Structures are given as C-alpha cells and as structure tokens.
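Next come the chains, spelled out residue by residue.
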Amino acid sequence: MALLEDILRERPQEADGIDSVIVVDNVPQVGPERLEKLKNVVHKIFSKFGKITNDFYPEAEGKTKGYIFLEYTSPVQAQEAVKNADGYKLDKQHTFRVNLFTDFDKYVNISDEWESPEKQPFKDFGNLRHWMEDPDCRDQYSVIFESGERTGIFSNDVKEPILIEERARWTETYVRWSPKGTYLATFHQRGIALWGGEKFKQIQRFSHQGVHLIDFSPCERYIVTFSPLMDTKDDPQAIIIWDVLTGQKKRGFHCENSAHWPIFKWSHDGKFFARMTQDTLSIYETPSMGLLDKKSLKINGIKDFSWSPGDNIIAFWVPEDKDIPARVTLMQLPSRQEIRVRNLFNVVDCKLHWQKNGDYLCVKVDRTPKGTQGVVTNFEIFRMREKQVPVDVVEMKEGIIAFAWEPNGKMFDKQQANSIFWSPQGQFLVLAGLRSMNGALAFVDTSDCTMMNIAEHYMASDVEWDPTGRYVVTSVSWWSHKVDNAFWLWTFQGRLLQKNNKDRFCQLLWRPRPAILLSQEQIKLIKKDLKKYAKIFEQKDRLSQSKASKELVDKRRTMMEDYHKYREAAIQLYQEQRPLRLELRGGVDTDELDSNVDDWEEETIEFFINEEIIPLGDLA
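Residues numbered from 1 in each chain as written. Predicted model: local features only at pLDDT ≥ 70, side-chain atom pairs only at ≥ 80, totals over all residues. Heavy atoms only, no water.

J.: So, the UniProt feature "domain: RRM" (unreviewed entry) in the protein chain: which residues are in play, and what are the values?
T.: Under the present numbering, the feature "domain: RRM" (unreviewed entry) in UniProt falls on residues 20–103. Taken as a whole, residues 20–103 contains 32% helix and 29% strand, while its terminal C-alpha atoms sit 12 Å from one another. (UniProt positions renumbered as here; feature names shortened; annotations may be inferred. Helix = DSSP H or I, 4+ residues; strand = E, 2+ residues; numbered from the N terminus.)

J.: Provide a residue-level description of a nonpolar patch on the surface, including the pertinent values.
T.: Together, Ile516, Leu518, Ile526, Leu530, Tyr533, Ile536 and Phe537 make up an exposed nonpolar region whose accessible area comes to about 660 Å². With four residues, the single largest contributor to the nonpolar patch is helix H7 (residues 530–544). Mapped onto the elements, Tyr533 comes out in helix H7. Tyr533 gets classed as partly exposed once you look at its relative accessible area, which sits at 40%. (Patch = residues over 30% accessible without salt bridge, like charges linked within 9 Å, V, L, I, M, F, W, Y side chains within 5 Å. Areas by Shrake-Rupley, 256 points an atom, 1.4 Å probe, with all protein chains shown as cover. Salt bridge = Lys/Arg side-chain N within 4 Å of Asp/Glu carboxyl O. Buried < 20%, exposed > 50% of the residue type's maximum accessible area, 1.4 Å probe, protein only.)

J.: Residues and numbers for the pattern of salt bridges, please.
T.: Under the criterion given, the structure shown has 23 salt bridges. The residue Asp503 makes a salt bridge to Arg504 at a minimum N-O spacing of 2.9 Å. Residues joined in a network through salt bridges with shared partners are Asp134, Asp136, Arg138 and Asp157.

J.: Please provide a residue-by-residue account of the nonpolar core, values included.
T.: The biggest cluster of nonpolar side chains holds 24 residues, and the ones touching the most others in it are Ile22, Val24, Phe46, Leu70, Tyr72, Phe96 and Val98. Broken down by secondary-structure element, the contributors of at least two residues to this core are strand E1 (21–25), helix H3 (32–46), strand E5 (67–72), helix H4 (75–85) and strand E6 (97–100). The element that contributes the greatest number of residues to this core is H3, accounting for five residues. Counting residues in each nonpolar core, the second largest holds 18 residues, with Ala326, Val328, Cys350 and Phe382 among its members. (Core = buried A, V, L, I, M, F, W, Y, C linked by side-chain atoms within 4.5 Å.)

J.: Lay out unusual backbone geometry in plain terms, naming residues and giving numbers.
T.: Geometrically, the link from Trp261 to Pro262 is a cis peptide bond, its omega value of 5° lying close to zero. Structurally, Pro262 can be placed in the loop between strand E17 (249–253) and strand E18 (265–266). Residues Leu333 and Pro334 are joined by a peptide bond in cis, for which omega reads 10°. Mapping Pro334 onto the fold places it in the loop between strand E25 (326–332) and strand E26 (337–344). Unlike most non-glycine residues, Phe200 shows phi in positive territory, near 55°. With respect to the element layout, Phe200 can be found in the loop between strand E12 (191–196) and strand E13 (201–207).

J.: How would you explain H4 if you had to name every residue and give the values?
T.: Residues lying three or four places apart along an α-helix face the same way, a consequence of the helix completing one turn every 3.6 residues. Counting buried positions over the 11 residues of H4 gives eight, a clear majority of the element. Listed in full, the buried residues belonging to H4 are Pro75, Gln77, Ala78, Glu80, Ala81, Val82, Asn84 and Ala85. The positive-phi residue at the C-terminal boundary of H4 is Gly87, with phi of around 90°.

J.: Which residues make up the sheet that holds E5, and what values go with them?
T.: Here we have four strands laid out as an open sheet, ordered E2-E5-E1-E6, and antiparallel in their pairing. Each edge of the open sheet carries a strand with a single partner, namely strand E2 (52–56) and E6. Adjacent strand axes in the sheet meet at a mean angle of 25°, parallel and antiparallel pairs treated alike. Pairing of E2 with E5, which is carried by four bridges, proceeds in the antiparallel orientation. Bridging across to E5, Phe56 finds its partner in Phe69. Of the strands in this sheet, E1, E2, E5 and E6 are in contact with H3, which crosses E5 at around 45°. (Pairing = 2+ DSSP bridges. Axes fitted to C-alpha atoms, helices over the stretch in contact; angles between N-to-C directions. Contact = heavy atoms within 4.5 Å.)

Structural data, given as structure tokens:
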C-alpha cells in the first residue's frame, strides 16, 4: 500500500508542465564567469525537494536578471520547494522569494478593491495549563495497560490514584508528554495526534504514515516525526519537522539509520538543532530550518555531540587518528567559536554528560594506558562558568556501569546497582538494580550520605521520579516481563505508599511541569517563611490520610459556603428594607442597640423572689 501511494502521488497529471515549475526571485545577478557557480549553489539548495529536470536563467546585457525558473518531476515537489525555500536567506543581500509559476495568474488578477479576509472560527481548547491549578498541587501521570488497549491519566494522591481521563485504544503503541507537559502525543498508523486542556481535546494532528518515533523541541514549538515507510530518493519524508501550533510541515529529511534516536538534537531554547553524519556535523536554525551559515561543519571522525542544557554551546569528541590525539571540543553558537579544546590520549570511548543547568560537563573517558591491560575510566569535569573553562580529572580504578549528574552537585560512596536515578530537585537518589539484579532499591540522602531505606521491587524494569522530587514510581512493564505487572508509589525517603496492580501494565510517565517563574530571591524567601505554612500543610496531610474525613471536610466546607451565601443574601435584604423600617417607626432608627439614647427613660423594677422563715428553736 505504501508503494502504491508513492506511485499515485507521482502519477502524471494534465497540467504537469506548468504545475511543476517554480519561479525564484532575488537571485544574485551575475555574469558568464560566475554563472556556473551560481547554478551549482541553486541546484544544491533546491534539489533537496526533488529532482530538477530543467532550469532557465534569463539574461539581459550580459548578466542574469535576478530571477530563475526551475522545473521538478512532479507538482508535489514544486509545492514542497515553495513551502520550504520561500524566505531562504542566501546571504546578507539576497533572500529568496519562491512561488509556483501557476500562481502568477492569480497575482495578476488580484482585485484593486480591498476585501477583508474571512474570519476563522476560534478553537477553544480550554486551559492548556489546567493541571497546574490543582489546589492540592497534585501531579499527573499517564498509564498504559491491558497490553496497550487502554490509556488513563491519573492525578497522584497519597491514598490512591484519582482518575482524570481513560480511553480505549487512545494510542496504538505508546504515548509521550511534551517537555513542558502541555501536550500528550499518541501514536497511530497514519500519524501523530496531540491532546491537551482540561478534557484532553485533540489539539493538532500530523499525517505521517507508519510513524515510529517522535521528539519535541524544548520550547514545544516543533515536533519531529520518523517513519521508515515514507522515504523516497527525490522526496525526503523519513524525518519531518512540523510546526506544533499550525500543523504545517517545515522540512523533510532523509534518514539512513534511526538506531540512535533522536537523530536531531535541539539547543536548550529551540533556536538550533543538529545532526551528525560521517565526518560531518550539520547545524540548522529555526524558523527557516536551513543550515547555519549555509554550510555544515567538516569534522573528521566525529563520534558524538551534545548541547548544553543552559547555553547555545555544543560539545563533541573525536577519536585518535595516528599521531593526532583524541579531543573534546566546546563550540559557541552561532559564532562557531571554539571556547575550549581538551586533548585525550589512549582513548577507547567517551560519553558526554551535561549537568542539569549546564554549569558542568562531565566527559567519561575509557582508556587503555600503555603497558597495562584492561580499561580504566577517568572523569574529565569541565567547569563551564569559570574563566577559560578549567578541567578537573577524577581517576577511577574500577569499572563504571552507570553515571548520572546530581542536579546541584553532591558526592556519595559506592553502592551496588546498575542504574542511578537522581531526584529532579537534587540531594536524593535511588540506586536501582533493575531487571537482572531483581529490582534492588536503595534510597539515599546525599547531603550526609545516609541510606534512608533499602527495599526491593522484584523484576522492576523502570524508575520514574515525579517532577517535584517528592515521589518516585517503580514498575514492572508487560513489555519487558509478562508477570507481576504493576507500579508502586514510594516517598522520596523510600516509604512504600501504594501497590497498583494493572492488568498487563505497560508504561507510566509523569507529566512534566514548565520551568518555575520565580526568581532565586523569591524561592529563598519562600523557604525562609516555610514554617508559617507548616501547620496548614500538616493539617491537610492529616485530613488526607482518611478518605472518610476528606469527604466529611468537603461536606462541611460546602455547608459553610452555603451558609455564607445565605447570610450575605439576608444582610443585603436587611439593608434594602431599612427605609421601610424607619418609615414604620416614625423615623426612629432601631437598627442599633444604642440608638436614640437621649429619648431613653430609666425605670427601676423590683421583683419578690422568695421568703424563707427559720424558727430559732431549730437552731438549738
């Protein structure tokens, strides 16, 4: 079917000769000596959208006129060129304007009378940040169970999960949250759908047949989709970058190998994205989706690269080549200035690990020192915020299985595990022995290197911290183990709160939170005054421990709210009837107890209460 669709898309049409032609304006005007070079540049840019079968460069007085005609093999390719190359900046003086040849009749026949554009109906998707307004500050998570047949969204509660939304066959494989938690992405044979708002309405959909993988830009403005079914030689469709807000396709790319996903890695602000191919690092800029400075970086032997999570700095490493040592390079963008180069010797492999804020870069270096057997590991720690970026070296004599940065910088002695999971807020971590190590768990406070608890979730396959760092979930996925499928909820200290058994449970993902808007000074002030709110929090915690007490409190709260509404209505009616009372009482204000004091008369009233006679003889 996929092949048939490609054939039908390319089938000849009645107006192919015109519909496949584009007109490119603002092309440099050159003489015969530079014409061939111009043609090569133009061909390189526009051949990305399809095979060019013909071109025409009009000339006058020995120079090109500044516009050209290009013909593709199909109208689809011409439309793709218009969509993606219009506005392409060739250099400081030349920005291409690209149109279909068939559009010129439309432009020529434009009426001289202004007609206001038709108003498009507003689509109200509700509050896309609705979950952030929960009065109890509960986080949400998605759960796929029944081997993928059902998907649910739950609000996290200490007592038990609170179901927000549940649907059958909501996705055909798995789901993904966008980086700030605004959208939930579901996978379908025909493409991707985005959902959001209070009722999880469909926000956007992207048609990409056979889509397998997706990735978001950190700013949530763009989504990248991959399908192994769609690519053709002349029409790159394997990887497509879409505009999330408009649903518009921004650009398509070929993909030779999707084993290392994501193919494109984004800068922290979404302004740049990059991909690595053999001996080449290609950096693109948004929103044009064109190559930065119109050319890729030639880096012989490049093995891996990674963006700083705090700055537009890219790190990459290159292995040794004969007498040339291996090196790690830090490059500032968009200037492409190399701000630090570190040479390394006897290198087997390197792994790049950025600290959460981009304050440090740790390069895990595996070496084979001369005259020794086996591999030793060094950690090269780049201090990014210091002048000239100094590097600290930590040597390890034992093999390293896992490495992960503590978000704020801590140390802890060794503990048997094959995975490390730091709390997003730092200080606390879970050392986990997943799968082959039978789900051994160690909950650690690194501030004083305290082992808070040691526990086990047999055959656990995944560990997920909530965005606040208060709770952590361990789970056994049906995708990796066919029995004991469940997810357990723990406190950050390792106290087990819930065991949630779900039939053929597959996946749990916490909904991310957007970046905090408070300044560091405001956060410090809140921490300083936290004791003021402690009693309120403690009271809420006590009430939340019992579902019955919660229902009773809710009932009493509703009754109190009803009483206040009734009281306000009664007071308002009482005030409205004041003129009538004054009229009925001859202008005397009796609303207050001490009103009209001058007209008061004092009167003494005596009451006979009781009389008792006691004989004196009785006293003797």
